[in-house]
Amino acid sequence: LDKAASLSGNGCTNGHHPAAAAADVSFGTGCLSCGEDDDHANLLLCETCNAEYHTYCLSPPLRAVPAGDWYCAECKIPAFEDDGL
């Protein structure tokens, strides 16, 4: 699983996380999708902005916690695209 697997922060440089506003949830208080601060074994923390999401609240949901660093959709680095040059 690559760094791009995710959804949508404390410290985020782009300044907008629509899911947080829709759920009326403060960063650092649990899943920004469902608003629950539970099931910490399945709660992902974005390496860049500290946004939290349960693996099963993402779209599409993840079956397991990914190995290595995880980045939310707002912070993920776009995959390198070969332009043929």
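Our subject is the structure listed above.
None of these values were measured; they are calculated from a predicted model. Every residue gets a number counted from 1 within its own chain, in the order that chain's sequence is written. Restriction of local features to residues with pLDDT of at least 70 applies here, the model being predicted, together with a cutoff of 80 or more for giving and counting side-chain atom pairs; totals for whole chains, interfaces and linings are based on all residues. Hydrogens are left out, water is left out, and the side-chain values use all remaining heavy atoms of the structure.

Participant: Give a detailed account of the environment of Cys-34, specifying residues and quantitative values.
Facilitator: Helical segments are the DSSP runs of H or I of at least four residues, strand segments are the runs of E of at least two, and each set is numbered from the N terminus. Mapped onto the secondary structure, Cys-34 falls in the loop between helix H1 (18–23) and strand S1 (43–45). Ignoring anything within four residues of it in the chain, the contact list for Cys-34 reads His-54 and Cys-57. We call two residues in contact when some of their heavy atoms are within 4.5 Å.

Participant: Give a detailed account of the packing of aromatic side chains, specifying residues and quantitative values.
Facilitator: Centre-to-centre distance and the angle between the planes together describe a pair of aromatic rings. Stacked, edge-to-face and tilted labels apply to pairs of Phe, Tyr and Trp rings (six-membered ring for Trp) whose centres lie within 6.5 Å, assigned for plane angles under 30 degrees, over 60, and everything in between, in that order. Per the counting criterion, the structure on display carries 1 aromatic pair. Pairing Tyr-53 with Trp-70 gives two aromatic rings, centres 6.2 Å apart and planes at 65°, and the pair type is edge-to-face. Here Tyr-53 is found in strand S2 (residues 52–54), whereas its partner Trp-70 is found in the segment after S2, with 17 residues between them in sequence. This pair shows no difference in class: Tyr-53 is buried, exactly as Trp-70 is. Here the term buried applies to any residue with accessible area under 20% of the maximum for its type, exposed to any over 50%, and partly exposed to those in between, with areas from a 1.4 Å probe on protein chains only.

Participant: Could you give an account of unusual backbone geometry, with specific residues and numbers?
Facilitator: Going from Ser-59 to Pro-60, the amide bond is cis rather than trans, its omega being 0°. Examined against the element boundaries, Pro-60 turns out to sit in the segment after S2. In this structure, Asp-39 is a non-glycine residue whose phi angle is positive, near 45°. Tracing the sequence through the fold places Asp-39 in the loop between H1 and S1. Here Asn-50, not a glycine, exhibits a phi torsion of approximately 70°, which is positive. Structurally, the position occupied by Asn-50 is in the loop between S1 and S2. What makes Asn-50 partly exposed here is its relative accessible area of 35%.

Participant: Talk me through the side chain of Glu-52; I want residue IDs and the actual numbers.
Facilitator: Following the sequence through the fold, Glu-52 ends up in strand S2. Only four residue types enter the charge count: Lys and Arg as positive, Asp and Glu as negative, with His and the chain ends excluded. One side-chain nitrogen of Lys or Arg within 4 Å of one carboxyl oxygen of Asp or Glu is enough to make a salt bridge. Summary of buried charges: Glu-52 has no salt-bridge partner, and the nearest side chain of opposite charge, Lys-76, is 20 Å away. Each polar contact in these results corresponds to two N or O atoms within 3.5 Å; when the atoms are within protein, one needs to be able to donate a hydrogen and the other to accept it, and residues that are neighboring in sequence are counted only if both atoms are side-chain atoms. A polar side-chain atom of Glu-52 sits 3.4 Å from the main-chain amide nitrogen of Gly-30.

Participant: Any details on the state of the cysteines? Residues and values, ideally.
Facilitator: Here is the idea: a disulfide is a covalent bond, and it sits between the sulfur atoms of two cysteines. For the purposes of this analysis, a disulfide is any pair of cysteine sulfur atoms at a distance within 2.5 Å. As enumerated under the stated definition, the model contains 0 disulfides in all. Its sulfur unpaired, Cys-72 is 3.7 Å from the next cysteine sulfur, which belongs to Cys-75.

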